[in-house]
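# Secondary and tertiary structure notes
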Amino acid sequence: MAPVTMTQRKATGPQRFMPPGTEDIPLFDPQSDASDVEMQLQTETKQGASDWEGFGEADKTEERGDSSDEESVDIVIEKKKERETVAKDTEEEELERMVFGDSAGFRDGIDTFSLDPSAAEIDDLSDEEDDEEADLENIADQDLFFFDSGPVPAPGSSLAVGKKAEADKDEDKPAWEDSDDERLVFSLASVSQLRKLRETEEDDVVNGKEYVRRLRTLHSRLNGTPDWATYATGKSKKKRRRTMEDGDSTEESASDMDVDDEDDLSTQPLARLLKDADILSKASRNPAKRRKLQFGTIDIQRLKDVAKAGPSAITSLSFHPSYPLLLSSGPSSTLYLHHINSSPLNPNPLLTSLHMKRTPLTTTAFHPSPTDSRIFLSARRRYFHVWNIATGTVEKVSRIYGHQHEQRTMEHFALSPDGKYMALRGSTKKGGGIVNILDARTLQWMTQVRVESRGGIAEFVWWGDGSGLCIAGKNGEVTEWSVKDGIVGRWTDEGAVGTTVIAVGGTSGRDGWIGPDRWVAVGSSSGVVNIYDRRAWSEEAPALKETASDANNGIPKAPKPVRALDNLTTPISHLTFSPDGQMLAMASRWKHNALRLVHLPSATVFKNWPTQNTPLGRISSVAWGRPAEEDEREGSLALLAAGLETGRVRLWEVRA
């Protein structure tokens, strides 16, 4: 194989690529004549046209740019046209002067600067007076005078704004305010949860600040002012304090209860009715003409609810004996006092409320006397309270002398219809059961009733004249006890299986025996209610007394009930007679819609009520009330109130 000869290249650096044939093109002399050079270039171009095929204009431009420095090329750059500026008009110059200022205004400000504000005010007043004088010259003579017809009534929407302004003056101003609150608008009538914030029926639209104010008022009314807020503001609550000694009836201390301030009471609707002792102590109204109620069907109409859903069940309801007032309470430790009023603008307004700290209320009741303005409150505690709504004082009775071990709780009590006595069911079951009797005026222990009943006492109720008690034991035995004579007799409920409740009502027409009541109703855990007629007992009493072996004062030991009602299937929790004794309400809290009305003297259940659409729910309390005098004249017979487990208080009107 022949050897390969390698030729070494000289490293002369990068060399410009020359197309073939370019070495033969002679360079022209810049000093030569222009016409000769042009003819020579044209000739050479025609000869090498085939060699330059395929090369574009870009290659030519690149080659020209890489030519030697000996070539000179003249480059002409076109200048961009300058943008024409528009002259500023008068308005733009004025705005620029107002924002940024100018030298003339700066000098004027320095010349007119003064630390005395009165000088600027005088100048402003003089300018305003000149303007007013100029305006008055152009006004017609008849427009210079007007007739003063009194203040113009403000629209409904402006009431909220006016109240807000008054509240801002009275209360301390907040440290920070949101300017957007004035532009917010809330409708109180369109949202069911906000209707409680309305002050009148027509009240609807409020702004943001008024909405916040009403929320704060409602929160403070329900929950009160917390201790940390009271300490921070330095405002002490108006509370009555007194040192409590053992066995004394004292006013409640600040650690156990809260009492609404006098200012808060005066802001409630009709609160002056409670603060005026003369109104509460006036004579009661005359009894209405008795209307006879027909059996079979009942004319009953639902009224506006007294209370909406609350924090707990309503376990106690009580009507005032003379006035349209309804008392309600429950385990939420709050007592509510409503005015029963069927006015369409503001039906059944809340008069006031009382919150007892750590005291889940069980029984609350008005004093039966129309001249006594006290309310009795009790819970599962060793004490009970007495609230005088005429004076605003709240007393606490802490114990019963000599009977502390028998009365460990005072949650179950009953006041006699004549207002003289107060009966408390004892907590001990030694020997059967005990009922302690107190003087309702002095709250001192008077006597006690001890009954022999297996399982203890189920329930007790006062006779209609307040001279004695009917005490039902859990074994079905009923004891008749007189304040004057003690135990006068015992009788057994027929077919009793766990007696739960007892009630008396009506008028027998035979006073001076075992009370003036005609009807006795006994409920059991099986849901059966037995109704007894005492008038028949009184007719048989003379024959029984003639027998020497009778030691029961003419009371049959095993009487026969007029009727046994088995309409309910769960334990009976409530039995209540109407004020005239023509109706009996029986209910069970263990089942939905377990409420029935019984007609007396036929002892039959009304068939047309309640219906499937009647909103009852679980009944936790029942009470009868007397309607207003105007309603009685129009045919109203009684008012029926029912407290529910949801905290609502339903109200119905029975018409004859």
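Just so it is clear, the model here is predicted, and its values are computed rather than measured. (Residues numbered from 1 in each chain as written. Predicted model: local features only at pLDDT ≥ 70, side-chain atom pairs only at ≥ 80, totals over all residues. Heavy atoms only, no water.)

### Overview of the overall build of the chain
Check the secondary structure of the chain and you find 13 helices and 31 strands. Each of the 656 residues in the chain was classed as buried or not, and the buried ones make up 38%. Taking all contacts inside the chain whose residues are at least 6 apart in sequence as the whole, residues at least 24 apart take part in 53%. (Helix = DSSP H or I, 4+ residues; strand = E, 2+ residues; numbered from the N terminus. Buried < 20%, exposed > 50% of the residue type's maximum accessible area, 1.4 Å probe, protein only. Contact = heavy atoms within 4.5 Å.)

### Quick word on the confidence of the model for the chain
The predicted model of the chain averages 76 in pLDDT, with 67% of residues at 70 or higher. Counting contacts from residues 118-122, a segment whose pLDDT is below 50, to residues more than four positions away or on other chains yields zero contacts. Across residues 275-283 the pLDDT falls below 50, and counting only partners more than four positions away or on other chains, this stretch makes 20 contacts in the model. (pLDDT = per-residue confidence, 0-100.)

### What about a negative patch on the surface?
Together, Asp89, Glu91, Glu92 and Glu93 make up a region of like negative charge exposed at the surface. Tracing the sequence through the fold places Glu91 in helix 3 (residues 90-100). (Patch = residues over 30% accessible without salt bridge, like charges linked within 9 Å, V, L, I, M, F, W, Y side chains within 5 Å. Areas by Shrake-Rupley, 256 points an atom, 1.4 Å probe, with all protein chains shown as cover. Salt bridge = Lys/Arg side-chain N within 4 Å of Asp/Glu carboxyl O. Lys, Arg positive; Asp, Glu negative; His and termini not counted. Charge placed at Lys NZ, Arg CZ, Asp CG, Glu CD.)

### Remarks on helix 7 (residues 208-223)
With 16 residues, helix 7 should cover 22 Å at 1.5 Å per step; its first-to-last C-alpha distance of 22 Å lies within 8% of that length. Inspection of helix 7 places Gly208, Glu210, Tyr211, Arg213, Arg214 and Leu218 among the buried residues, and these make up the whole buried set. (Expected span 1.5 Å × (residues − 1).)

### Let's talk about the sheet that holds strand 30 (residues 636-644)
Read from one edge of the open sheet, four strands run 4-31-30-29, paired in antiparallel fashion. At either end of the open sheet lies a strand with only one pairing partner, and these are strand 4 (299-302) and strand 29 (619-625). The mean inter-strand angle of the sheet, taken between neighbouring strand axes irrespective of direction, is 25 degrees. Alignment of strand 30 against strand 31 (residues 649-655), held across seven bridges, turns out to be antiparallel. Along strand 31, the bridge assignment pairs Ala642 with Arg650. (Pairing = 2+ DSSP bridges. Axes fitted to C-alpha atoms, helices over the stretch in contact; angles between N-to-C directions.)

### Focus: the sheet that holds strand 7 (residues 334-339)
Strand order in the open sheet formed by four strands is 5-6-7-8, with antiparallel pairing between adjacent strands. Both edges of this open sheet fall to strand 5 (316-319) and strand 8 (350-355), since each of them pairs with a single strand only. Across the sheet, the mean angle separating the axes of adjacent strands is 15 degrees when strand polarity is ignored.

### Quick word on the nonpolar core
The biggest cluster of nonpolar side chains holds 21 residues, and the ones touching the most others in it are Ile298, Met583, Leu595, Leu597, Trp609, Ile619 and Trp624. Secondary structure elements with two or more residues in this core: strand 26 (583-587), strand 27 (595-599), strand 29, strand 30 and strand 31. Ranked by residue count, the leading element in this core is strand 30, at five residues. Not counting the four nearest positions on each side in its chain, Trp609 is found in contact with Ile298, Ile300, Leu595, Leu597, Thr614, Leu640 and Trp652. In this structure, Ala503, Ala521, Leu575 and Val598 belong to the second largest nonpolar core, which totals 18 residues. (Core = buried A, V, L, I, M, F, W, Y, C linked by side-chain atoms within 4.5 Å.)

### Topic: the environment of Leu351
Among the secondary structure elements, Leu351 is positioned in strand 8. A residue is classified by how much of its surface remains accessible, and Leu351, at 0% relative accessible area, is buried. Distance from Leu351 to Leu337, taken between C-alpha atoms, is 5.6 Å for residues 14 residues apart in sequence.

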